[in-house]
Amino acid sequence: LAMWNLYLLGYTLVGFIHDEILLEIPETADGVYDAPAAAIKEVMINSMRELTGPIPVGVQLSVSYVWSKEAHAVHNDKGQLIPWVSTKDPTETA
């Protein structure tokens, strides 16, 4: 339901893996993603509330340029959400 609602709002759904939704969003001019993340989080939580009723629903968000299971929320010194960047060499194999 959350994926469908995000799609209806114009978000580009890139994929989903188990309990993850991958969206493509425009880069922000200042590199801070608090506003788009809050909007996405609100849609996801409200969508799930339609199904779960009073059961609490949580959402964890991260912003990155590439999908990685290691991606996590990163905040700058002002506490603002910024993109996670991998420190691994992308040419190395596991």
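Everything in this summary refers to the structure shown in the same document. (Residues numbered from 1 in each chain as written. Predicted model: local features only at pLDDT ≥ 70, side-chain atom pairs only at ≥ 80, totals over all residues. Heavy atoms only, no water.)

### Considerations on the overall build of the protein
Then, number 1: A tally of helices and strands in the protein yields two helices and four strands.
Then, number 2: Along the protein, helices (α) and strands (β) appear in the sequence α-β-β-α-β-β when read from the amino end.
Then, number 3: Taken along the three principal axes of its C-alpha coordinates, the protein extends 45 × 35 × 25 Å.
Then, number 4: Taken over 94 residues, the protein has a buried fraction of 22%.
Then, number 5: A total accessible area of about 7100 Å² is found for the protein, and carbon and sulfur atoms account for 57% of it.
Then, number 6: Mean positive and mean negative side-chain charge positions of the protein (5 and 12 charges, respectively) differ by 7 Å. (Helix = DSSP H or I, 4+ residues; strand = E, 2+ residues; numbered from the N terminus. Buried < 20%, exposed > 50% of the residue type's maximum accessible area, 1.4 Å probe, protein only. Areas by Shrake-Rupley, 256 points an atom, 1.4 Å probe, with all protein chains shown as cover. Lys, Arg positive; Asp, Glu negative; His and termini not counted. Charge placed at Lys NZ, Arg CZ, Asp CG, Glu CD.)

### Points about unusual backbone geometry
When glycine is set aside, most residues are seen to have a negative phi, and most peptide bonds are trans.
Then, number 1: One non-glycine residue, H18, lies in the positive phi region at around 55°.
Then, number 2: Note on H18: relative accessible area 81%, which makes it exposed.

### Comments concerning the environment of N76
Then, number 1: If you trace the backbone, N76 turns up in the loop between β3 (74-75) and β4 (81-82).
Then, number 2: N76 sits in the partly exposed class, given a relative accessible area of 22%.
Then, number 3: Distance from N76 to A35, taken between C-alpha atoms, is 15 Å for residues 41 residues apart in sequence.
Then, number 4: N76 has contacts with V32 and I82, leaving out every residue within four places of it along the chain. (Contact = heavy atoms within 4.5 Å.)

### What about helix α2 (residues 34-52)?
Then, number 1: Taking 1.5 Å of rise per residue, 19 residues should cover 27 Å, and α2 covers 26 Å from first to last C-alpha, within 8% of that figure.
Then, number 2: Against the buried residues of α2 lie α1 (2-8), β2 (20-24) and β4.
Then, number 3: Backbone geometry just downstream of α2 places G53 in the positive-phi region, at approximately 65°. (Expected span 1.5 Å × (residues − 1).)

### Description of the nonpolar core
Then, number 1: By size, the foremost hydrophobic cluster in this structure holds eight residues: A2, L6, Y11, I40, V43, M44, I45 and V59.
Then, number 2: Discounting residues that sit within four places of it in the chain, V59 has contacts with K41, M44 and I45. (Core = buried A, V, L, I, M, F, W, Y, C linked by side-chain atoms within 4.5 Å.)

### What to know about the pattern of salt bridges
Then, number 1: In this structure the tally under the stated criterion is two salt bridges.
Then, number 2: We note a salt bridge from E20 to K69, for which the minimum N-O separation is 2.7 Å. Residue E20 is found in strand β2, and its partner K69 is found in the loop between α2 and β3; the two are separated by 49 residues along the sequence.
Then, number 3: The exposed category is assigned to K69, whose relative accessible area is 59%.
Then, number 4: For E70, the salt bridge identified is with K88, shortest N-O distance 2.8 Å. One end of the pair, E70, is in the loop between α2 and β3; the other, K88, is in the segment after β4, with 18 residues separating them in the sequence.
Then, number 5: A residue is classified by how much of its surface remains accessible, and E70, at 44% relative accessible area, is partly exposed. (Salt bridge = Lys/Arg side-chain N within 4 Å of Asp/Glu carboxyl O.)

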